[in-house]
Amino acid sequence: MSTTLQELVARPLAPERSAVLLRNLTAAVHAMHRQGHAHRHLAPRWIRLVGDDVVGLDGADEGADWLAAHRPDELAYAAPELLQPTLHAADHRSDLYSLGALLYHLLTGAPPFTAVDLLGWTHAHVAQAPRAPAELRPDVPAPLADIALKLLAKAADERYQSAAGLIADLERWLAAAARGDGEQRFPLGQRDVPEQLRISQRLYGRDAELQALEGARERVAQRGAPELALVRGPSGIGKSALVDALERRHAAQPGMFVAGKFDQYDRDIPYATLVKAFGELARQLLAASEEHLASWRQRLQAELGNLGQLVVDIIPQLELVIGPQPPVPPQPLLEAQNRFNRVLRQFIGVFAQPDHPLILFLDDLQWADTASIRLLQHILTHPDVQHVLVVCAYRDGEIDPTHPWTAALLEIQSAGVRVSDLVVAPLPAQHVATLLADTLRCGPEAADQLAGLLHAKTAGNPFFVGQFLTMLAAEGLLYLDPEAGVWRWDLAAIETQGYTDNIVALMLERLRGLPAATQRALSLLACAGAEIAPTTLAALLGRDEAAVMADLAPALTDALVVARGGQLKFTHDRVQQAAYSLTPEAERAGVHLRIGRELRGPPGSDVAPERLFAVVNHLNAAAALIDDPQARFDLARLDLQAGRRAKQANAYASALVYLRAALGLLPADTWDAHFQLTFDLHRDLSECAYLCNENEAAEQLFAAALSRARGPLERAEIFTLQISLFYSVGRMQESLDVGQKALARARRRHPGHRRGAPGRVRTDDRGRGGPLLGARHRGARARDLGRRPGAPRSPRRCWSACCRRASTSDIVLFSIHHPPPRRAVAVHGETRDSVSVRLVRAAAGHRARRARPLGADRAHDPAPARPHRRRRRARQGAHDLRLVHRPVARAAAADPGPPARRAAGRRRGRRPLGLRRVRAARPGHAAAVPRRRAGQVEELAATAAATCRCSTRSRS
């Protein structure tokens, strides 16, 4: 009758029996490996025994999502690369790690690590070192303890490379124990030769670069100031491997490591890489215990407040951590951008703390979208962001002076951010020789000639070296001698082969050597994008998931594709590029159409937010093949949704792409057939075009929308948008001109015109005039207000008072009502709660006068400006002169109120301040906000502090 190993591990076994059990178990695993399969779920309950003989291994699963398929009792024996797929691809050596954990349990009576949740198990297997078996059980023989610890190595290259090598060492120890020499140590792995070619994953020749990255991490943790580390070099040179080595070392230290990779085929998706990176972070939090998760949830909710939906919109997985969030009210463009940046800073600040810094790794930055680059620049330059190290890897040959990153980098450097520039160079010949010796398990001298040939063929590119070796093995020029247990090669035949020195051509040649079914699956996977779920790929191929995984087995074995986190991904973008070229160019549009329709679902149905951008990207690539008018209208509607989502995320360049695609899908009579959709497209498209500095295109779209508007409401909507856009970029005169144009189009006189005002002033609790006139005057005619107690004495004064009060909080009303007499400039003062306000005359030749909040204490004002300086500036024309600098709280407390301010203003012969442009004095730090009356410095300072990115005092 068979039993399971679960019944034997409850207590320690004798060393000899432990070795026999492990040898028999390893033989069963070896049989699976020779058939090209790995178990990946080895645990005591899956191992069936009859006596000490293994008669069956249950629970084997080679599906793509190991984390979704695992059982809780398997976590004690899982390899690090299964728990944290970013380390390296899992292969048959993951089973050898599990065998080491089982041997440790058999010898000591306990697994090598203990934890209570998935996050704890991941940290233990990735970062913690197991205790020596002799500490738990002193009679454990030293050779068996060495075998167990070698199997439990974190890096797969440092473990046994084959089950056959492990069996050889176990039999050697059993023979020595039978002779009474069980305590005698011996060299391990002498007969451990990998039966399949596995390129060594160790890092070669990068000690100086790795030390520089570790130094940056130490400074960020200790000093707090964020830093940027650039890792530059050509494709395949080892940039990602260098940062992966930093991640492995960082795993043993407090902090968080978040990684994302930009995709060359998804450049228009805003924040796509940041979404994936922080989405992985959210999944890590969900893997924690309920107590740990509740702690993170509380901290996130406290920081995000009622604005958590802004983060959930770009990181949907976060909703599983913090729960459903209330909707966020819309704001004007500038305020919405500042609010989004502030909330994201608060989100990052939760994870970036002095005791655990945050490392953000962004790979392939040359394919980054503009919105991500702009957000990255904001994170690095804002003073509120602390303890963050951003590591960016990119191909420097693909970033020219016109690339958005070039300008962003200059801004980052000018802001005083420390930048470490690491140029990753090709490997010298000696390091190529070391890599070859580690891969073939031979001495450097034996591989010296082959290493020289490899270096000459590949120019020291590590990725090229690995692919070249794999090609040699596939063609039989590099082979394993089973009798001698060593790798051999035919150097003369290799030299005579006319291999290309182009990595993409070499990869394409290698892919064409795979089975036809594998090539079909790979080409479809490449067209689908950076990653795809196996179920989706199976649906596209019209086969079940198991059959598709069997088709991909050769690519998985050769490490061309990996299965991580329930997704199939290419191991390198050059592999994806070569696989994409397997599909003829004339057929690619049809493939994208199939993929888009599969992801889309039934026509007319809603698309899941996380799939929206992928759906429209595939369907837009096949737009020429879509003839059905209803299908084109459906795609235009999806493009409008994608454009609005990108616009809400402040990714205006990406929004422009989707909105233009939508407009191009509509028929010639679109204004008659689909008026509302067409009008919405023109409105949103004109807004994004203007914000992307395409002013001429924006004006044409504005004009088209105005000419096609069906009524005054549509025209008012366009005029309002124009006023807000001009105002948001500081073009105040144009904003005023549009306001007057809107009134003229509506055949209305200027509200402040001497010949009268509109007959009725609309005021309510939410209306602009309500706070000024009071409840008893609501709805009254303007000419009747003069007869009521406490009301203005004339219709003109009534309207002017109402409109002025309203225009201090509404730029559209201001543009309609106010002339531009002068402007004020507000910048940050000595502290973050103070502000400097400066007044600028609109015309030259006027004597500049010093203005101050009425009733304010002079002790808090700066030193008076010198008379000769005032006169000189007056002669020069419209120059800035600092007028007020005081803490906000005291300025607000000293405000005597509107009546007193007006009276004091008349006594001093000075006009009250209206609403003008507020900006920072430093170039590139402009921020336009409403200006309040002279005494309302508190709101002015708060708005300036919220919108201005300048953290230092600006001098006149």
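In this convention, every chain numbers its residues from 1, walking through the sequence in written order. The model is predicted, so local features are restricted to residues of pLDDT at least 70 and side-chain atom pairs to those at 80 or more, both for listing and for counting; the totals for chains, interfaces and linings are taken over all residues. By convention in this description, side-chain values take in all heavy atoms of the structure and omit both hydrogens and water.

Draft legend 1. The arrangement of the overall build of the protein chain in detail. Labels follow the DSSP assignment, with helices taken as runs of H or I lasting at least four residues and strands as runs of E lasting at least two, numbered in each case from the N terminus. When helices and strands are counted, the protein chain shows 44 helices and 16 strands. Sorting the 956 residues of the protein chain into buried and exposed places 52% on the buried side. Nonlocal contacts in the protein chain, meaning residues at least 24 apart in sequence, comprise 70% of its contacts between residues at least 6 apart. Carbon and sulfur atoms make up 50% of the accessible area of the protein chain, which totals about 42,600 Å². Buried means the residue's accessible area, taken with a 1.4 Å probe over protein chains only, is under 20% of the maximum for its type, while exposed means over 50%, and partly exposed covers the values in between. The contact rule is simple, with two residues in contact once any of their heavy atoms fall within 4.5 Å. In these tables, accessible area is a Shrake-Rupley quantity obtained with a 1.4 Å probe, and a residue counts as shielded only by the protein chains included in the view.

Draft legend 2. A look at unusual backbone geometry. Even without glycine at this site, Arg-40 takes up a positive phi of about 75 degrees. Owing to a relative accessible area of 12%, Arg-40 belongs among the buried residues under this scheme. Backbone geometry at His-387 places phi at a positive 60 degrees, although glycine is not the residue there. Residue placement: His-387 occurs in the loop between helix H16 (370–381) and strand E7 (388–394).

Draft legend 3. Spatial organisation of helix H31 (residues 652–665). Any helix carries an expected span of 1.5 Å times its number of residues minus one. Taking 1.5 Å of rise per residue, 14 residues should cover 20 Å, and H31 covers 20 Å from first to last C-alpha, within 8% of that figure. By the burial criterion, the buried members of H31 are Tyr-652, Ser-654, Ala-655, Leu-656, Tyr-658, Leu-659, Ala-662 and Leu-665. Buried residues along H31 sit against helix H15 (333–351), H16, helix H29 (612–621), helix H30 (629–648) and helix H33 (675–691).

Draft legend 4. Representation of the packing of aromatic side chains. Working definition: rings of Phe, Tyr and Trp (its six-membered ring) pair if their centres are within 6.5 Å, and the pair is stacked with planes under 30 degrees apart, edge-to-face with planes over 60 apart, and tilted otherwise. Inspection of the entire model under this criterion finds seven aromatic pairs. Ring centres 5.5 Å apart and planes at 50 degrees place the aromatic pair Phe-613 and Tyr-658 in the tilted group. Separated by 45 residues along the polypeptide, Phe-613 in helix H29 and Tyr-658 in helix H31 bring together distant segments of the chain. By the burial criterion, Phe-613 is buried, and Tyr-658 matches it. Look at Trp-671 and Phe-675: their rings are 5.8 Å apart centre to centre, the planes differ by 50 degrees, and that puts the pair in the tilted class.

Draft legend 5. Expanded view of the environment of Gln-6. Mapping Gln-6 onto the fold places it in the loop between strand E1 (3–4) and helix H1 (15–34). Along the chain, Gln-6 and Ala-43 lie 37 residues apart, while their C-alpha atoms are 8.2 Å from each other. Once you skip the residues sitting within four places of it in the chain, Gln-6 turns out to touch Pro-44 and Arg-45.

Draft legend 6. Looking closely at the pattern of salt bridges. Within this document, salt bridges are pairs made up of a side-chain nitrogen of Lys or Arg and a carboxyl oxygen of Asp or Glu, the two lying within 4 Å of each other. All told, the structure shown has 31 salt bridges when counted by the stated rule. Across the pair Arg-600 and Asp-634 runs a salt bridge, and its minimum N-O distance is 3.0 Å. With Arg-600 in helix H28 (residues 585–600) and Asp-634 in helix H30, this residue pair connects regions lying 34 residues apart in the sequence. This pair shows no difference in class: Arg-600 is buried, exactly as Asp-634 is.

Draft legend 7. Main features of the sheet that holds strand E12 (residues 561–564). A pair of strands is considered paired only if DSSP assigns at least 2 bridges between the two. Strand order in the open sheet formed by three strands is E11-E13-E12, with antiparallel pairing between adjacent strands. Each end of this open sheet is capped by a strand with a single partner; those strands are strand E11 (531–532) and E12. Across two bridges, the pairing between E11 and strand E13 (residues 567–570) is antiparallel. Along E13, the bridge assignment pairs Ile-532 with Leu-568.

Draft legend 8. Inspection of H29 at higher detail. Counting buried positions over the 10 residues of H29 gives seven, a clear majority of the element. Taken together, the buried positions of H29 are Leu-612, Phe-613, Val-615, Val-616, Asn-617, His-618 and Leu-619.

Draft legend 9. Focus on the side chain of His-125. If you trace the backbone, His-125 turns up in helix H5 (residues 118–127). Polar contacts, as counted here, are pairs of nitrogen or oxygen atoms within 3.5 Å of one another; within protein the pair requires one atom able to donate a hydrogen and one able to accept it, and residues that are adjacent in sequence qualify only if both atoms are side-chain atoms. At 3.3 Å, the side chain of His-125 forms a polar contact with the backbone oxygen of Ala-78. A polar atom in the side chain of His-125 sits 2.8 Å from the side chain of Tyr-97. Beyond its immediate stretch of four places on either side in the chain, His-125 contacts Leu-75, Ala-76, Tyr-77, Ala-78, Pro-80, Leu-83, Tyr-97, Phe-113 and Lys-154.

Draft legend 10. A look at the pairing of strand E10 (residues 486–489). Alignment of strand E9 (residues 478–481) against E10, held across four bridges, turns out to be antiparallel. Bridge pairing in E10 links Leu-480 to Trp-487. Where E9 folds back onto E10 in an antiparallel hairpin, the turn is made up of four residues, including Gly-485, whose phi is positive at roughly 70 degrees.

Draft legend 11. Looking closely at the confidence of the model for the protein chain. How sure the predictor is of each residue is captured by pLDDT, a score from 0 to 100. Summary statistics for the protein chain give a mean pLDDT of 76 and a share of 76% for residues scoring 70 or more. Long-range and interchain partners of residues 750–809, a stretch whose pLDDT sits below 50, account for 86 contacts in this model, where long-range means more than four residues apart. Predicted confidence is poor over residues 817–956, with pLDDT under 50, and the contacts of this stretch with residues over four places away or in other chains come to 262 contacts.

Draft legend 12. Here's a closer look at the sheet that holds strand E5 (residues 256–261). Pairing in this open sheet of five strands is parallel, and the strands run E5-E6-E7-E4-E8 from one edge to the other. The strands lining the two open edges of the sheet, one partner per strand, are E5 and strand E8 (418–423). Ignoring strand direction, the axes of neighbouring strands in this sheet form an average angle of 15 degrees. Bridge analysis of strand E4 (residues 227–232) against E7 gives six bridges, and the strand direction is parallel. Each bridged residue has a counterpart across the sheet, and for Glu-227 the counterpart in E7 is Leu-389. Here the axes come from fitting lines to C-alpha atoms, over the contacting stretch only for helices, and the angles between their N-to-C directions go from 0 to 180 degrees. Along the sheet, helix H9 (residues 207–223) contacts E4, strand E6 (358–363), E7 and E8; its crossing angle with E8, the most-contacted strand, is approximately 165 degrees.

Draft legend 13. A look at the packing of H31 against H33. The geometry of H31 relative to H33 is characterised by a closest axis approach of 9 Å and an angle of 145 degrees between their N-to-C directions. For the pair H31 and H33, the crossing hand works out as left-handed. Of H33, the residues touching H31 (which contributes Tyr-652, Ala-655, Leu-656, Leu-659, Arg-660, Ala-662 and Leu-663) are Leu-681, His-682, Asp-684, Leu-685, Cys-688, Ala-689 and Leu-691. For this classification, the nonpolar set comprises Ala, Val, Leu, Ile, Met, Phe, Trp, Tyr, Cys and Pro, the charged set comprises Asp, Glu, Lys and Arg, and every other residue, Gly included, is treated as polar. Looking at the contact of H31 with H33, its residues break down into 11 nonpolar, one polar and two charged. Two helices that cross are described as forming a left-handed crossing if the nearer one is turned anticlockwise from the farther one by less than a right angle, and a right-handed crossing if clockwise.

Draft legend 14. Representation of the side chain of Thr-122. Tracing the backbone through its elements, the reader meets Thr-122 in helix H5. Those residues within four positions of Thr-122 in sequence are excluded, and the remaining contacts are Leu-83 and Gln-84.

Draft legend 15. The arrangement of the packing of H9 against helix H10 (residues 239–250) in detail. Axis separation between H9 and H10 bottoms out at 10 Å; the angle between their running directions is 50 degrees. Classified by the interaxial angle, the pair formed by H9 and H10 is oblique. Once H9 is placed against H10, the crossing between them reads as right-handed. Touching Glu-209, Leu-210, Leu-213, Glu-214 and Arg-217 of H9 are Leu-242, Ala-245, Leu-246, Arg-249 and His-250, all from H10. Each residue belonging to the contact of H9 with H10 can be placed in one class, and the counts come to five nonpolar, one polar and four charged. Our angle categories are set so that under 35 degrees counts as roughly parallel, over 145 as roughly antiparallel, 65 to 115 as roughly perpendicular, and the remainder as oblique.

Draft legend 16. How the structure looks around the nonpolar core. Counting 168 residues, the largest nonpolar core has Phe-347 and Trp-405 as the members making the most contacts within it. In this structure Phe-347 touches Phe-278, Leu-300, Leu-304, Val-311, Ile-315 and Leu-318, once residues within four positions along its chain are discounted. Take the buried Ala, Val, Leu, Ile, Met, Phe, Trp, Tyr and Cys residues and link them wherever side-chain atoms come within 4.5 Å; each set so joined is a nonpolar core. Leu-42, Trp-46, Leu-96 and Ala-101 belong to the second largest nonpolar core, which has 52 residues in total.

Draft legend 17. Spotlight on the environment of Leu-389. The residue Leu-389 is located in strand E7 in this model. For Leu-389, a relative accessible area of 1% corresponds to the buried category. For Leu-389 and Pro-226, which are 163 residues apart along the polypeptide, the C-alpha to C-alpha distance reads 5.7 Å. When near neighbours in sequence (up to four residues on either side) are disregarded, Leu-389 contacts Leu-213, Ala-216, Arg-217, Val-220, Glu-227, Ala-229, Leu-358, Ile-359 and Leu-360.

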